Amino acid sequence: AKIMNSIFNVEPHWVGQQLNSRYADHVQPLVRWLDWLRQHQWSQKAIVLPFVLEICKLGTGVLYQGWSEKQLRQFDPESRKVVPVGTGTGPAPRWVPREDFLVPVGFSTIDSAPWVAYRQWFSWRDLQRLEVDRVFQDIDRLSGHSDDETRLRETRREKENVQTGTTDNDFGLWSPWQVWFREDIDDDGYPEGYVAVMHTKAKALLRIRPNPYLDEMRPFVKATFVEQEGAFDGIGVPQMVEQYQAEASTIHNQRRDASTLTNTPTFKVRRGSGLTGKIKVKPGDTLPVSDPSDIEQLQMGTPVQVQVGEESMTLQLAERRIGRGDLQRGEMSSPVGRAAATTVVAMLQESAGRFDFTIAQIREALTDQGAQIMELYQTHGMPEPGEKGSPEQVLADDQASALIREIIGQKESVRGLVGLKLNIATAAVNREVEKQSNIQLFSLVSGYLQQIMQYATVLPQLPPPLQQIVLDGVKSMDKVMARILQSHQVYDLDSMLVGDALAQMAQPAQPQLAPP
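Residues numbered from 1 in each chain as written. Predicted model: local features only at pLDDT ≥ 70, side-chain atom pairs only at ≥ 80, totals over all residues. Heavy atoms only, no water.

Now for the side chain of Arg218. Here Arg218 is to be found in the loop between β8 (204–210) and β9 (220–224). For Arg218, the side chain forms a polar contact with the main-chain oxygen of Ala113, separated by 2.7 Å. Apart from the residues within four sequence positions on either side, Arg218 is in contact with Ile110, Asp111, Ala113, Pro114, Trp115, Val116, Trp180, Phe181, Arg182 and Gln372. (Helix = DSSP H or I, 4+ residues; strand = E, 2+ residues; numbered from the N terminus. Polar contact = N/O pair within 3.5 Å; in protein donor to acceptor, adjacent residues only side chain to side chain. Contact = heavy atoms within 4.5 Å.)

This is the structure in structure tokens:
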């Protein structure tokens, strides 16, 4: 929840920065256009949610930036047929389940691997539509080779008494692999990038083409929860707390077992007393015995207190392992509750460092996703004016739309012209803490400026030696103020520190020559 809120609580989703002064005016229209696309062309939140969940659970998440080109059709009442009504093109980002993504062992990044493979799932009707749209070819080779024997399909076979080997394409799923690889197919001595779609069970090649993207980009991004050096997969929360979970379960089960034995009445009887093991003792019941010693209670367990504190300590260790505690859950334990408010804020800010480290890779992955989407448009082209998703339709501003078309139409990568960055809240613990921090910063800057204004008023009236002493003091104030601003993550110091401007005011004016 904290990761998702940090990603989507700040608008816009991506922010831009000019990397080339020539394209300074292109940044804001491009950011506005991308923000509209991620809300209406596809649902960014619906894609990122399983991505983040899998990062937390398995330690690794993968996103794929695909491109959709499909023929749009609708039913025509006059001809009573389905007729084409246009084409639908645009980015189609999606979450890739980790089990459906392959990378060779020993390679920690997607681009460095000699190949990566992405398994997609289609029904038979989906394959037919893709064949009509000329995405796949010759899908008849896949008939009868589905990869998923669903229970629905098995039930239908049982009802109709159909043999297992009979071809039946109404049920089941097909999972061809989309493989991005480098190979010297044309025998020129240089391995080029290719993308192929193949079905391993049917041994069928459905499509192969050269990698169409700039610099042979592979449109995948990945992020990890806790990175493992030299490995593709990271460590997720279940793996981190596995041993603590086993220990807590053992302590809990031992405590329940001891309580069960202690609270279960058991009796021992003398042989020949006539009492059998089938007798069930009920409240108010009487048992005829010859001797009171014929039946006695047998204590199977001793009332030993299994430490509840040990289980609590184990759970606390697990929370520390993943960086979660009472404060992060919104709870206040008693020792912290008696602490000063500034102490609690400092503790929250300290714990935010762990969260920033965890979310850094997610920030980089979603930042790279925005750059890849721009390169998709560079490769496949932008929609025509008036079509859905075109800059003209989104922005309703001809000048801004022309700027977007100009920068996307460049032959070089947009990455070198405009720097995109995910707009995400990391170090800010929460909105209340951020508000208090901004109020404190405002008070500091206001006091600093008031002091400088007092010096500026009296500075021209002071003799030069005293002016130099005042200027040296202002420079010292600037150094301290710079450290304070940097601790608040404010780095635009030139616009907030005025010591240099005050020094220029103190310089004597150059005498002007009398006119001839």
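Here the narrative resumes, following the displayed structure.
Let us look at the packing of aromatic side chains. All told, the structure shown has 12 aromatic pairs when counted by the stated rule. Ring geometry for Trp180 and Tyr213: centres 6.3 Å apart, planes at 20 degrees, overall stacked. Separated by 33 residues along the polypeptide, Trp180 in strand β6 (residues 177–183) and Tyr213 in the loop between β8 and β9 bring together distant segments of the chain. You can call Trp180 buried: its relative accessible area is 3%. Residue classification places Tyr213 among the buried positions, given a relative accessible area of 6%. Between Trp180 and Phe220, the aromatic rings sit 6.1 Å apart at their centres with planes inclined by 90 degrees, giving edge-to-face as the arrangement. (Phe/Tyr/Trp six-rings, centres within 6.5 Å; stacked < 30°, edge-to-face > 60°. Buried < 20%, exposed > 50% of the residue type's maximum accessible area, 1.4 Å probe, protein only.)

To continue, consider helix α14 (residues 464–487). If you check α14, its first and last C-alpha atoms are 35 Å apart, about what 24 residues at 1.5 Å a residue would give, namely 34 Å. Within α14, the full set of buried residues consists of Gln467, Val470, Leu471, Val474, Asp478, Met481, Ala482 and Leu485. (Expected span 1.5 Å × (residues − 1).)

Here we come to the sheet that holds β9. Judged by pairing direction, the sheet is antiparallel, and its 3 strands sit side by side in the order β3-β2-β9 without closing on themselves. The open sheet has two free edges, formed respectively by β3 (81–96) and β9, since each of these has just one partner strand. Direction aside, neighbouring strands of the sheet carry axes that sit 25 degrees apart on average. Of the strand pairs in this sheet, strand β2 (residues 60–76) and β3 are connected by 15 bridges, and their pairing is antiparallel. Looking at β3, one finds that Glu69 is bridged to Thr89. Packed onto the sheet, helix α3 (residues 44–58) meets β2, β3 and β9 and runs at close to 150 degrees relative to β2. (Pairing = 2+ DSSP bridges. Axes fitted to C-alpha atoms, helices over the stretch in contact; angles between N-to-C directions.)

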